[in-house]
Amino acid sequence: MRHRIKTWGPGLLLVAPSIVAIGVFVYGLIGSTINLSLTDRHSARPAENYVGTENYGNLFSDDRFLHSLRNLAVLTVVFIVGTIFFGLLWALLLEKGVKGEGFFRSIYLFPMAVSFVASGVVWRWLLNSAEGQNAGGLNALFGMLGLDFLQNPWWSHPTWGMAAMALPAIWQLSGYIMALFLAGFRGIPAELREAARMDGATEFQLYRHVIFPQLSPVALSALIIVGHMSMKMFDLIMAVSGAQFVTEVPSVYMWQTLLTSDYAKAAAIAIVLLVIVALLVIPYLVQNARAERGR
Amino acid sequence: MRRTSWIAGLAVAGLALAACGGDDGDEEETGGTTGEASGEVEVFTWWAAGGEKAGLDGLVSVFEQECPDFEFVNGAVAGGAGSNAKQVLASRLQTNEPPDTFQAHAGAELTDYIDAGQIEDVSDLYDEFGLNEAFPEGLLESLTVDDAIYSVPANIHRANIVWANPAVLEGAGVSTDAPASVDAWLADLETVRASGIEAPLAIAAPWTQTMLMEAVLIAELGPDAYAELYDGGDWSSSDVTSALEKYGQLLGYANADRESLDWPDALNYVTGGQAAYTLMGDWVAANLDLEGMVAPDDYVYWPAPGTDGVYQWLADSFVLPVGAPNPEGTKCWLKVVGSADGQREFNVAKGSIPARTDADPADYPPYQQSAMEDWAQDTLAPSLAHGSAGPVGWGDAVNSAVGQFSSGGDVGQLQDALVAAAESQMG
């Protein structure tokens, strides 16, 4: 018994502060937020009573919240498809072995180092929605190149505006996905490729039947990482459009609600956002844990 | 091994000492604050730059003369027209560490603070400083909540002004005088569009559209029925429906890129000749002065069509928080804010007009002189977009509804959303 404690005792002691910190600042505060969302605290006065799931019910019958969820869905889908497409494309190109691969890798990865707010301010100008005479940013560029038909209202379009909002994010994070896929490619043993080639596979067949299936864990983790980043996205949207109906997502709606001191409603939005992200992340973690145990 | 444990031990000791040092520092700070409580007055605003900062500096110079016992401490938090500052303020008020005074829009925006018991009733200060005689009756009425007044306004701005480019108007054959009504304005807009200006009305992000909508409501309903709307009136009435329809028609003449603009961009469309009109508050006058523009050659202005004789006011004001560390200092600050000297120094630099009716117009630039004349005689109407008509929550809900209308154009949906916003605030 004493021997066993001696085995894991020091280890436990070492991580104990982290466990305490996470317990308090993550799970404790999540608990307190859930508690707040079950009250009727809609002003700066302390809460008076518990109202159960009334706040959640109100949220899901609130047109503004449903609109923000729809915006979030469009943003997430376009963001995921865009980053995975470009990340995979660049990884494929670099994996062939070009001269100056390190240089290109740095260029593709560099935008990730830029703050979303700083790039958001520039993208705000680039994605200016004026067309024709008053056009600025990308619309003006299209005009100058004679590509007038490409001019469009970008993020101020009522239904598909969020797809334009995903552009800066795709630009910034494709490099990261490229790095993930590159690492994935490098992790495939050379013998597999040689064996496939010896069996007479064409390049296309090699990729389709040998390499891509090996990449599915990498693709899955890329999907999860990009997915939850898009759920949390706040600074980019605030920098590009400010807090507005047309580009509202739950995180921005929560911020606006907090500004009006409606604490219970803001807490409810936060918990809904947490659940959505959890739905995305937890199955992945469970599957990973199972894979680890299997090994 | 021994050496490693020595070094580890030293490191732990160093950490522990640093922790102790930190504690001492904190204690000193709190001790210091209570010790110097009679000396410092921390003024919390979001006036960190430009004409607003110049105005604050003017107030401070008068404060230093009138209240020599106290020291001004600038607690300003920059950014976002107060949205950063309001968050910082909210957390400080929650933890019972309020500043000595803070800036807030006078009128119904204070409701949140009053309900939460975070600001003091300053009616007795009004008696002490003689402000009941100096401020106009209509303003005092608007500031009074349950027979108590909670803030001292430093300035008055007017929200319902249209600024126009006379060259564009003359080019289209339209008179540079104010159209008599919203319908006349719609006709003029059509004429200007026919002369080649695609989007004659320049407007910006949703809160500026809310201002336009309010101006149309004042014009169509009259100031009394309009003010009623924020006090239990009926947003679902047919008068409101027809007003909203006219607002929708006005929006049809507005620029399509409005969501991505802020009010200075819309103003630039007008001064640059790409649009003829914009509706914005009179802080525009300070901007135009800075650019060297002169009325009526470079720009003309008039109360929004149909609202002549109505002054849609908003005011920056200061309050006395509950539990302020230095109430005597705050009272002296409030005295300066309400005094003739303080208001003069503040407003001449900031571009607004004093709330007091006994100010000398000769001290002020031409726009302010005409505004002061109007202030003394016009009917008052509140502004939701700027906090004098309702609390922040109401303004946010209306801005969202107006933003949705901007891309959808469904008047029925807009009206339903406005009704819902009113119900959630009044109920």
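All of these numbers come straight from a predicted model, not from anything done at the bench.

Structural notes on the overall build of chain A
A count of helical and extended segments in chain A gives 13 helices and zero strands. Helices and strands in chain A line up, N terminus first, as α-α-α-α-α-α-α-α-α-α-α-α-α. Whereas a compact globule of 295 residues would reach a radius of gyration of roughly 19 Å, chain A reaches 24 Å, over 25% beyond that. Summarising its shape, the C-alpha atoms of chain A cover approximately 80 × 75 × 30 Å along the three principal directions. Taken across its 295 residues, chain A has 39% of its residues classed as buried. Accessible surface, chain A as shown: approximately 16,300 Å² in total, 68% of it carbon and sulfur. Distance from the positive charge centre (20 side chains) to the negative charge centre (17 side chains) of chain A: 11 Å.

A look at the overall build of chain B
Within chain B one finds 19 helices and 14 strands. Principal-axis analysis of the C-alpha atoms gives chain B an extent of 90 × 60 × 45 Å. Scored against the burial criterion, the 427 residues of chain B give a buried share of 51%. Restricting the contact set of chain B to residue pairs at least 6 apart, pairs at least 24 apart contribute 77%. When the accessible surface of chain B is split by element, carbon and sulfur atoms take 49% of a total near 17,500 Å². In chain B, 14 side chains carry a positive charge and 68 a negative one; their mean positions are 10 Å apart.

Examining the sheet that holds strand 12 (residues 310-314) of chain B
Residue and element names in this part refer to chain B. Spatial strand order, 7-12-14: three strands in an open sheet with mixed pairing. Pairing within the sheet leaves two strands with one partner each, and these edge strands are strand 7 (157-158) and strand 14 (379-381). By the bridge criterion, three bridges tie strand 12 to strand 14 in an arrangement that is parallel. Directly across from Tyr311, in strand 14, lies its bridge partner Leu380. Packing against the sheet, helix 17 (residues 366-377) makes contact with strand 7, strand 12 and strand 14, and its axis sits at approximately 105° to strand 12.

Here's the deal with helix 13 (residues 263-294) of chain A
All names here are of chain A. Relative to the 46 Å expected for 32 residues at 1.5 Å per residue, helix 13 spans 45 Å between its end C-alpha atoms, a close match to the ideal helical length. When the local axis directions of helix 13 are compared, the greatest deviation, roughly 35°, occurs at Ala278. Every buried residue of helix 13 is listed here: Tyr263, Ala264, Ala266, Ala267, Ala268, Ile269, Ile271, Val272, Leu273, Val277, Val281 and Tyr284.

Quick look at the sheet that holds strand 2 (residues 71-74) of chain B
Residue and element names in this part refer to chain B. An order of 2-1-3-13-6 is seen for the five strands of this open sheet, with the pairing classed as mixed. Two strands lie at the open edges of the sheet, namely strand 2 and strand 6 (151-153), each paired on one side alone. Within this sheet the neighbouring strands show an average axis-to-axis angle of 30°, counted without direction. Here three bridges tie strand 3 (residues 101-105) to strand 13 (residues 316-319), and the two strands are oriented antiparallel to one another. Each bridged residue has a counterpart across the sheet, and for His105 the counterpart in strand 13 is Asp316. In this fold helix 15 (residues 327-338) packs onto strand 1 (40-44), strand 2, strand 3, strand 6 and strand 13, with an angle of close to 155° to the strand it touches most, strand 13.

Re the state of the cysteines
Residue and element names in this part refer to chain B. Applying the stated criterion to the full structure yields one disulfide over all chains. Disulfide pairing is shown between Cys67 and Cys332; the S-S distance is 1.9 Å. Its S-S torsion of about -95° marks the bond between Cys67 and Cys332 as left-handed, since a negative value means left-handed. Here Cys67, found in the loop between helix 2 (50-66) and strand 2, pairs with Cys332, found in helix 15; they are 265 residues apart in sequence, far enough to count as distant.

Quick notes on the interface of chain A and chain B
With 21 residues of chain A at the contact, the number on the chain B side is 25 residues. Here chain A and chain B share an interface that buries about 2,100 Å² over both sides, 52% of which is from carbon and sulfur atoms. It is Phe245, Leu259 and Thr260 of chain A in chain A that bury the most area against chain B; as a group they hold 26% of the surface buried on that side. Counting every contact that joins chain A to chain B gives one salt bridge. One salt bridge connects Arg64 of chain A with Asp396 of chain B, and the closest N-O pair in it is separated by 3.3 Å. Between chain A and chain B we count six residue pairs in polar contact (both at pLDDT 80 or more) in total. Of the residues forming the side of chain A that touches chain B, the biggest block, four residues, is contributed by helix 12 (residues 250-259) of chain A. Its residues assigned to classes, the side of chain A that touches chain B shows 10 nonpolar, seven polar and four charged.

Each value, and the rule that gives it
- Residues numbered from 1 in each chain as written.
- Chains lettered and ligands numbered in written order.
- Predicted model: local features only at pLDDT ≥ 70, side-chain atom pairs only at ≥ 80, totals over all residues.
- Heavy atoms only, no water.
- Helix = DSSP H or I, 4+ residues; strand = E, 2+ residues; numbered from the N terminus.
- Rg over C-alpha atoms; globule rule 2.2 N^0.38 Å.
- Buried < 20%, exposed > 50% of the residue type's maximum accessible area, 1.4 Å probe, protein only.
- Areas by Shrake-Rupley, 256 points an atom, 1.4 Å probe, with all protein chains shown as cover.
- Lys, Arg positive; Asp, Glu negative; His and termini not counted.
- Charge placed at Lys NZ, Arg CZ, Asp CG, Glu CD.
- Contact = heavy atoms within 4.5 Å.
- Pairing = 2+ DSSP bridges.
- Axes fitted to C-alpha atoms, helices over the stretch in contact; angles between N-to-C directions.
- Expected span 1.5 Å × (residues − 1).
- Bend = angle between axes of the 7 residues up to and from the residue.
- Disulfide = S-S within 2.5 Å.
- Buried area = accessible area lost by both parts, 1.4 Å probe.
- Salt bridge = Lys/Arg side-chain N within 4 Å of Asp/Glu carboxyl O.
- Polar contact = N/O pair within 3.5 Å; in protein donor to acceptor, adjacent residues only side chain to side chain.
- Nonpolar A, V, L, I, M, F, W, Y, C, P; charged D, E, K, R; others polar.

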